[in-house]
Amino acid sequence: MRILILGGDGYLGWPTAMNLAVENEVWVVDNYLRRRIAEATDSEPLIATPSLTERARLFEAVSGNRIETIIGDLGDPDLMYDIVQRVQPECIIHYAEQPSAPYSMRGFKEARETLQNNLNVTFNCIWAVKDIVPDCHIIKLGTMGEYGTPNIDIEEGWLDIEHKGRKDKFLFPRAAGSLYHTTKVLDTDLIWFYVRTYGIRVTDLMQGPVYGLSTDEADLDQGLVPNFNYDDIFGTVVNRFLVQAVAGIPLTVYGGGGQTRGYLNLRDTLQCVRLSVENPADKGTLRIFNQFTETLSVNDIATKIKTVGDSMGLGVNIKSIENPRKEREEHYYNPTHTGLLDLGLEPNYMTDDVIASMLERIVVNKDNINTDRIMPRVRWNA
Ligand code: USQ
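Reading the values: rules and limits
- Residues numbered from 1 in each chain as written.
- Predicted model: local features only at pLDDT ≥ 70, side-chain atom pairs only at ≥ 80, totals over all residues.
- Heavy atoms only, no water.
- Salt bridge = Lys/Arg side-chain N within 4 Å of Asp/Glu carboxyl O.
- Buried < 20%, exposed > 50% of the residue type's maximum accessible area, 1.4 Å probe, protein only.
- Helix = DSSP H or I, 4+ residues; strand = E, 2+ residues; numbered from the N terminus.
- Phe/Tyr/Trp six-rings, centres within 6.5 Å; stacked < 30°, edge-to-face > 60°.
- Lys NZ or Arg CZ within 6 Å of the ring centre and 35° of its normal.
- 1 Å grid on protein atoms, 1.4 Å probe; cavity = no way out; pocket = protein on both sides within 12 Å on 5 of 7 lines; lining within 4 Å.
- Points joined across faces, edges and corners; volume = space filled by probe spheres on them.
- Nonpolar A, V, L, I, M, F, W, Y, C, P; charged D, E, K, R; others polar.
- Polar contact = N/O pair within 3.5 Å; in protein donor to acceptor, adjacent residues only side chain to side chain.
- Contact = heavy atoms within 4.5 Å.
- Core = buried A, V, L, I, M, F, W, Y, C linked by side-chain atoms within 4.5 Å.
- Pairing = 2+ DSSP bridges.

A.B. asks: What is the right way to read the pattern of salt bridges from this model?
C.D. replies: Any two side chains of opposite charge can pair, given that their charged atoms come close. According to the stated counting rule, one finds 23 salt bridges in the structure shown. Between E110 and R106 there is a salt bridge; the shortest N-O distance is 3.1 Å. What makes R106 partly exposed here is its relative accessible area of 43%. With a shortest N-O distance of 3.9 Å, R361 and D219 are connected by a salt bridge. Residue R361 is found in helix α12 (residues 352-364), and its partner D219 is found in the loop between β9 (210-211) and α8 (237-247); the two are separated by 142 residues along the sequence.

See below:
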């Protein structure tokens, strides 16, 4: 299959590109927005990553599989149209968004940049597909954070409602907790409008926070490692706690630590995306999957990492600090997630062995840890 990956330099985009390149013709595009923000906010990954073109060259040398790379801004409609015309993709995987909730809450400039980048790329992608390759399957990375933490079970994208004796089906209510997450809600609305109007086919993957740095392809060479962030801007909570455990810094539980989310291993992101590629949505359909394998609270995660870290002699401490975000710290959380399991997802859970292997990998790179990057610098109500 000819697959075009938008945002192919990112934490998820790069390992996805390698994984799919083993059996498909893969093209990736990226404008290095994340690299520029990381540099500007002193949020570089634990292990330095070569440029996208260098990584593709290295991957071809060690695996024999080719990845075509293009550096450019897909917020520019001319570039989007040119690339889609040239590649004629059968599937587009859209990761090309500013993915950091804290960055989107830093101030006006960052909020505007997040809103414009994320919405523009989605809009341009929809139009290029409609005009050039209307059969192409768009796989869009959404987020579980679109739903927020409602006091009812979260369904897989849709909700049947009975009101005054009549029934209909609607998008499940969204209530995001950051501007970044809100851009994903707006993406969903935009996509749903064009799906029902023009009959394009889309899968929206509502993904929870991802952790890990190992995949079959990334493990072939240190230069192929995904961007593994542990800072307050791009680091997701599990990756941050792993690095804090190795650095001897108490794990930074925000507030009460009862915040519960659906988590998944980076390896499972690759499985979920692959399953979606191999089983496309029908024409005129917006198919939505909740993409995570287990729900855990921040306190659960901290305790797991402390237990494994202590058994390795790391002497891990946990410390609650004032929550920089506006979010519920005690809440009901019960999201459905059967769609991807039904397609064949085999979860890699956050076991003690998985945590130990991640900690071992970080211990080797301990000298790279910059402890100034740990404490939160962005407050939601600043
Ligand atoms: N948290 C802590 N301590 C920390 C960091 C985070 O307690 O040091 C808490 C947060 O307050 C939050 C939870 O951990 O309650 C998850 O935070 P996170 O930073 O791991 O995840 P989040 O900001 O929600 O965003 C990440 C990705 C984003 C993706 C999202 C999936 O950066 O791109 O969309 O996970 S979800 O959270 O399901 O919306």
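A.B. asks: Where do I start with the packing of aromatic side chains in this structure?
C.D. replies: Any aromatic ring pair is given by two values, namely how distant the centres are and how the planes are angled relative to each other. Across all of its chains, the model carries nine aromatic pairs by this definition. Relative to W127, the ring of F123 lies with its centre 6.3 Å away and its plane at 50°, an arrangement referred to as tilted. Here W127 and F123 lie together in helix α6 (residues 108-132), a separation of four residues that amounts to about one turn. Overall, W127 belongs to the partly exposed group, its relative accessible area being 26%. With centroids separated by 5.9 Å and ring planes inclined at 75°, the aromatic side chains of W127 and Y194 adopt a geometry described as edge-to-face. Here the residue W127 occupies a position in helix α6, and Y194 occupies one in helix α7 (residues 179-198), the gap between them amounting to 67 residues. Looking at Y194, the relative accessible area reads 8%, which means it is buried. Taken together, F123, W127, F193, Y194 and Y198 form an aromatic cluster joined through their ring pairs. The aromatic ring of Y198 is capped on one face by K130, whose charged end is 4.4 Å from the ring centroid.

A.B. asks: Looking at this model, I keep getting lost on empty space enclosed by the protein. Mind explaining?
C.D. replies: Rolling a probe over the atoms, with the probe sized like a water molecule, indicates the empty space that remains. Inspection of every chain in the model, using the stated rule, returns three cavities of 30 Å³ or more. Here the largest cavity defines a volume of roughly 40 Å³. Forming the walls of the largest cavity are P102, D232, Y254, P324, R325, P376, R377, V378 and W380. Split by residue class, the lining of the largest cavity holds six nonpolar, no polar and three charged.

A.B. asks: Looking at this model, I keep getting lost on the side chain of R174. Mind explaining?
C.D. replies: Tracing the backbone shows R174 in the loop between β7 (166-171) and α7. Looking at R174, the relative accessible area reads 19%, which means it is buried. Within the structure, R174 has its side chain in polar contact with the side chain of E146 (distance 3.3 Å). Within the structure, R174 has its side chain in polar contact with the backbone oxygen of F172 (distance 2.8 Å). With sequence-adjacent residues up to four places away left out, R174 is seen in contact with E146, Y147, G157, V185, T188, M206 and I288.

A.B. asks: Explain the nonpolar core here, please?
C.D. replies: Here is a general trend for soluble globular proteins: nonpolar side chains tend to be buried in one another's company. Among the nonpolar cores identified, the biggest contains 39 residues, and L4, L6 and L74 are the most heavily contacted of them. Counting only elements with at least two residues in this core, the list comes to β1 (2-6), β2 (25-30), α4 (77-87), α6, β6 (158-163), α7, β8 (201-207) and β12 (286-291). Counting residues per element, this core draws most heavily on α6, at six residues. Those residues in contact with L74 that lie beyond four places of it in its chain are L6, V29, L79, M80, I83, A96, V121 and N124. Core analysis: the next-biggest nonpolar cluster, separate from the first, contains 34 residues, M18, L20, C91 and A218 among them.

A.B. asks: It is not clear to me how the pairing of strand β4 (residues 91-94) should be interpreted in this structure. Could you clarify?
C.D. replies: Regular strands place their side chains on alternate faces of the sheet. By the alternation rule, side chains of β4 split into C91 and I93 and I92 and H94, which are all buried. Direction of pairing for β1 relative to β4: parallel, over a ladder of four bridges. Across the sheet, residue L4 finds its bridge partner in β4, namely I92.

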